Amino acid sequence: MDFDLLHPSEQIAAIMSRIYAGGMTTTSGGNLSIRDENGDTWITPKGVDKGALTPKDIVRVGADGKVEGLHAPSSEHPFHRAIYARRPDLAAIIHGHPPALVAFSVVRQTPATEIIPQAQRVCGPVGYAPYEVPGSEALGQSIARAFEDRFDAVIMENHGTVVAGTSLSAAFQRFETLEFCARTLIRTRQIGAVQALSAAEIARFEHQDNLLS
Ligand SMILES: [Zn+2]
């Protein structure tokens, strides 16, 4: 069955377990959401072990703010709400603390994605949100401003990353690819200088890719 057709709570539980198993977030960190066609948001709960989430743990927050579910919504729900408010085209958001991207956030840089052929297309340009206290409205505004500038992947200063997509599977691919770029850059710098692909080389790959698909 097409993953995107699964119930939002099943999609969220499945992707969270892949993120956790991949070492891309910690027990308490990270949150995912999907906005459905009714404008309701399905989001991971506050204070539940991210390694053991099941679909019944996922919380629904109605467009009117009404919460339904076994738990309270994630404490970082304010920034999910702020992003969706500014970007009606987006249907899914992933926030996490994957170690290589957190390292980039601590040195206050965004990772280059033109180091392997397809990463730039998958990730798009990478934005940057200045530090604000986790869970605060100010953090929501800081991140939402970056998304408003049409970035779909944003480094959160001294914190982590948040990526979005038109589906949760697309957002996950972006999240995983960006972390892969960050990890690769850190390793590359240990053995030599980073040599990026040129815009022409990436365009040539994209053209070939279009012909193949
Ligand atoms: Zn966080």
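Residues numbered from 1 in each chain as written. Predicted model: local features only at pLDDT ≥ 70, side-chain atom pairs only at ≥ 80, totals over all residues. Heavy atoms only, no water.

What to know about the environment of Ala203
Stated formally: Numbering goes from the N terminus for both helices and strands, where a helix is a DSSP run of H or I of at least four residues and a strand is a run of E of at least two.
By the element assignment, Ala203 lies in helix H7 (residues 199-212). Taking the C-alpha atoms as reference points, Ala203 and Arg121, separated by 82 residues in sequence, lie 10.0 Å from one another.

Observations regarding the sheet that holds strand S4 (residues 67-68)
Where we set the bar: DSSP bridges decide pairing: two strands pair if at least two such bridges lie between them. Two residues form a contact once any of their heavy atoms are found within 4.5 Å. Axis definition: a line fit to C-alpha positions, over the contact stretch in the case of helices; interaxial angles, taken between N-to-C directions, run 0 to 180 degrees.
Spatially, eight strands are ordered S4-S3-S2-S1-S5-S8-S7-S6 in an open sheet, and the strand pairing comes out mixed. What marks the edges here is a single partner per strand, and that holds for S4 and strand S6 (126-129). Alignment of strand S3 (residues 59-61) against S4, held across two bridges, turns out to be antiparallel. Each residue of the ladder has a partner; that of Val61, found in S4, is Val67. Of the strands in this sheet, S6, strand S7 (153-156) and strand S8 (160-165) are in contact with helix H5 (residues 137-148), which crosses S7 at around 145 degrees.

Considerations on helix H3 (residues 99-106)
Threshold: Buried residues are those whose accessible area, probed at 1.4 Å on protein chains only, stays under 20% of the maximum for their type, while exposed residues exceed 50% and partly exposed ones sit between those limits.
Those residues of H3 lying buried are Ala100, Leu101, Val102, Phe104 and Ser105. The secondary structure elements touched by the buried residues of H3 are S6, S7, S8 and helix H6 (168-191). Looking at the residues trailing H3, positive phi occurs at Arg108, about 60 degrees.

What about the side chain of Asp57?
Put simply, the rule is: Positive residues here are Lys and Arg, negative ones are Asp and Glu, while His and the chain termini are left out of the count. The salt bridge definition used is simple: a Lys or Arg side-chain nitrogen within 4 Å of an Asp or Glu carboxyl oxygen.
If you trace the backbone, Asp57 turns up in the loop between strand S2 (41-43) and S3. Despite its burial, Asp57 pairs with no opposite charge; the closest candidate is Lys56, at 4.4 Å N-O.

Some thoughts on the coordination of the zinc ion
Test applied: Sites may look incomplete because water is not among the atoms; the donors themselves are N, O and S atoms within 2.8 Å of the metal, or within 3.2 Å for Na, K and Ca.
Looking at the metal site, the zinc ion is ligated by Glu76 (OE), His95 (NE2), His97 (NE2) and His159 (NE2), spaced 2.1 to 2.8 Å from it. Donor residues for the zinc ion sit on one chain with the sequence pattern E-x18-H-x1-H-x61-H. Residue Glu76 is found in the loop between S4 and helix H2 (77-86), and its partner His95 is found in strand S5 (residues 92-96); the two are separated by 19 residues along the sequence.

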